[in-house]
Amino acid sequence: MKRTLPAPLDVKLMNVTATVLFLGCAALLLAAASWWVVRHPAFSISRIIVEGELVHNNAVTLRANVAPSLTGNFFTIDLGAARETFEEVPWVREAQVRREYPNSLRVELHEHVAEAFWGPDTGAEMVNSFGEVFEANIGEVEREGIPRLQGPAGTSQQVLQVYRMLAPALAPLSLEIDELTLNDRGSWKARLEHGAQIELGGGTVEQMLQRVQRFTRTLGTVTAQYQRKADALEYVDLRYEDGYALRLHGVSTVQGKLPPPRPKPQPKPAAARR
């Protein structure tokens, strides 16, 4: 039976040295290849494909404004940083960026859909369909037909929700809300398109909506008594439990109250029936 003798120490050292040299050469070759790829002009970002339903932006302007801010090539570009760069463009709400071999970026953009102005008249903020506040080029937006909403910081979604509930309630009288405000004390106030002011009061949204619906049901009867229409309204205070106070153009302040419930008929006594 043959016995295998261990390799001499110098042979082992030669084998280890050869392995280390081989791995070192491979690492150097890989590094050189990576260096070549990173710096080769064939992989520089030379094409940006912009997709999405764009209303306030166009692909040519976006490419011209954003491309100088992008760094790296196809392999090294930071897609997260590129996405943030596109989302800094006015009116852009969300951007999705991905690579397309060998030197392109495909960008899908979603713009804000503005539903209202936000804050004071001097501001440049708007509220989108999600209730989010964003900066906009106000000069690009027609003021007519778009309401202005105001409220404390962080209440834009709540104010938009209340506006969406109140607008249909006033629609049967052809009254449109031009401005809706929530103050720091939780009280609501509205200004109509023709300038009338409405004190909506506080409480829950359901309570406020009930007061508005009560007002719209009875306003026609009240204005008819004074030969007026709904557009003659100048001021109305809905902060009453059983009615409201209003002022009509050319008429002093009047009270609008709900009619008392009709009493139920009582049965006549037996003697009276006979």
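Residues numbered from 1 in each chain as written. Predicted model: local features only at pLDDT ≥ 70, side-chain atom pairs only at ≥ 80, totals over all residues. Heavy atoms only, no water.

Participant: With reference to specific residues and values, describe the nonpolar core.
Facilitator: General note: in soluble globular proteins, nonpolar side chains tend to be found buried as a group. The biggest cluster of nonpolar side chains holds 36 residues, and the ones touching the most others in it are Leu180 and Leu200. Contributions of two or more residues to this core are made by β4 (114–118), α4 (156–170), β8 (177–182), β9 (188–192), β10 (197–201), α5 (205–225), β11 (233–237) and β12 (243–248). The element that contributes the greatest number of residues to this core is α4, accounting for seven residues. Core analysis: the second largest hydrophobic core is formed by 15 residues, Val50, Ile77, Ala95 and Val97 among them. (Core = buried A, V, L, I, M, F, W, Y, C linked by side-chain atoms within 4.5 Å. Buried < 20%, exposed > 50% of the residue type's maximum accessible area, 1.4 Å probe, protein only. Helix = DSSP H or I, 4+ residues; strand = E, 2+ residues; numbered from the N terminus.)

Participant: Give a detailed account of the pattern of salt bridges, specifying residues and quantitative values.
Facilitator: Following the criterion strictly, the structure yields 12 salt bridges and no others. Its salt-bridge partner being Arg93, residue Glu94 comes within 4.0 Å of it at the nearest N-O pair. Residue classification places Glu94 among the partly exposed residues on the basis of a relative accessible area of 31%. Taking the relative accessible area as the measure of exposure, Arg93 reaches 27% and is therefore partly exposed. Here Arg191 and Asp178 are joined by a salt bridge, their closest N and O atoms 2.8 Å apart. Here Arg191 is found in strand β9, whereas its partner Asp178 is found in strand β8, with 13 residues between them in sequence. Exposure remark for Arg191: the relative accessible area of 29% places this residue in the partly exposed category. For Asp178, a relative accessible area of 18% puts it in the buried group. One continuous salt-bridge network, built from bridges that share partners, spans Glu51, Glu100 and Arg106. (Salt bridge = Lys/Arg side-chain N within 4 Å of Asp/Glu carboxyl O.)

Participant: Any details on the packing of aromatic side chains? Residues and values, ideally.
Facilitator: Tallying each qualifying case throughout the model produces four aromatic pairs. The interplanar angle of 85 degrees and the centroid separation of 5.3 Å between the aromatic rings of Phe215 and Tyr244 together place this pair among those described as edge-to-face. Pair noted here: Phe215 is in helix α5 and Tyr244 is in strand β12, with a separation of 29 residues, a long-range link. Assessed through its relative accessible area of 2%, Tyr244 is described here as buried. A network of ring pairs unites the aromatic residues Phe74, Phe75 and Tyr101 as a single cluster. Lying over the aromatic face of Phe130, Arg93 brings its terminal NZ or CZ to 4.0 Å of the ring centre. (Phe/Tyr/Trp six-rings, centres within 6.5 Å; stacked < 30°, edge-to-face > 60°. Lys NZ or Arg CZ within 6 Å of the ring centre and 35° of its normal.)

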